[in-house]
Amino acid sequence: KTFTIIHGQCNRAMKARIDEDPNWETIDKECDPIGLLTILKSIAHNNESQRDPTISLIQAKKQLMNIVQGEEQSTDSFRLKFKNQANVIQNMGGQLYRDSTLVIVSMDIYTKKYDELTTDSERDTIKAAATETWKASLFIVNSNPTKFDQLKKEMHNDYISGNTDSYPTTFNNRLNQHNTFGRSTR
């Protein structure tokens with residue numbers, strides 16, 4: 001039943017692209033909804049079956065870097081668009097941090113450089129924290145300057161005054177800060 005509902009929601013053009021997938025015949029025969037969703041995800045993310053995977057990843061990262069909150073766009077709408085594009089990159093196997101972020105976060109958490117970490121668990125912790133820090137930072141950089149310029153100035157001033165915790169290090173903390181600030185300026 002789920003398979004039929006999902007497939008029924010696809011237009012003719014999408015069904016034609018689904019038919020092109022090498023696994024479609026088996027998925028169709030078995031009425032496999034997970035297989036169908038996997039094909040749809042592949043199509044939606046323009047992964048390696050449609051173009052070179054490196055080019056796809058570069059284009060996805062470029063799109064994320066260029067997502068800017070519009071003048072009339074709500075924070076929630078911006079968050080959803082931002083988060084969806086970040087998920088596309090991660091689903092393609094891309095990373096949402098720079099090597100320099102690994103070093104910074106590693107020093108904050110373990111007081112040693114990333115390349116000095118000895119366990120996979122430590123490295124995974126740092127990669128996850130670096131991803132959150134990078135997403136949170138990009139979110140504020142790309143947020144609406146008219147609505148959030150004052151917040152950006154306050155965080156910067158706090159930081160240069162010695163409060164190195166003025167910038168939230170997780171995406172959810174950044175969003176909460178954004179929402180709180182947005183309500184206080186109305």
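You'll find the structure just up there.
Residues numbered from 1 in each chain as written. Predicted model: local features only at pLDDT ≥ 70, side-chain atom pairs only at ≥ 80, totals over all residues. Heavy atoms only, no water.

Novice: Please explain the overall build of the protein as it appears in this structure.
Specialist: Assigned secondary structure in the protein consists of 10 helices and zero strands. Seen in sequence order, the protein has helices and strands lined up from the N terminus as α-α-α-α-α-α-α-α-α-α. The C-alpha radius of gyration computed for the protein amounts to 21 Å, which surpasses the reference 16 Å derived for 186 residues by more than 25%, pointing to a less compact arrangement than a globule. Each of the three principal axes of the protein carries a C-alpha extent, and together these read 65 × 50 × 30 Å. The proportion of buried residues among the 186 residues of the protein is 34%. Excluding contacts between residues fewer than 6 apart, the proportion of contacts in the protein whose partners are at least 24 apart in sequence is 61%. (Helix = DSSP H or I, 4+ residues; strand = E, 2+ residues; numbered from the N terminus. Rg over C-alpha atoms; globule rule 2.2 N^0.38 Å. Buried < 20%, exposed > 50% of the residue type's maximum accessible area, 1.4 Å probe, protein only. Contact = heavy atoms within 4.5 Å.)

Novice: How do you make sense of the packing of aromatic side chains when you look at a structure like this?
Specialist: How two aromatic rings sit relative to each other is given by the distance of their centres and the angle of their planes. In the structure shown here, the tally under the stated rule is five aromatic pairs. Seen in terms of ring centroids, F3 and W24 are 5.9 Å apart; in terms of plane orientation they differ by 15°. Their pairing is stacked. Within this pair, whereas F3 is found in helix α1 (residues 2-8), its partner W24 is found in helix α3 (residues 24-30), the two being separated by 21 residues in sequence. Assessed through its relative accessible area of 6%, F3 is described here as buried. Each ring, one from F78 and one from F139, has its centre 4.7 Å from the other, and the planes form 25°; the classification is stacked. With F78 in helix α6 (residues 75-91) and F139 in helix α8 (residues 120-141), this residue pair connects regions lying 61 residues apart in the sequence. Accessibility assignment for this pair places F78 and F139 in one class, buried. Members of the aromatic cluster, each reached through a chain of ring pairs, are F78, F82 and F139. (Phe/Tyr/Trp six-rings, centres within 6.5 Å; stacked < 30°, edge-to-face > 60°.)

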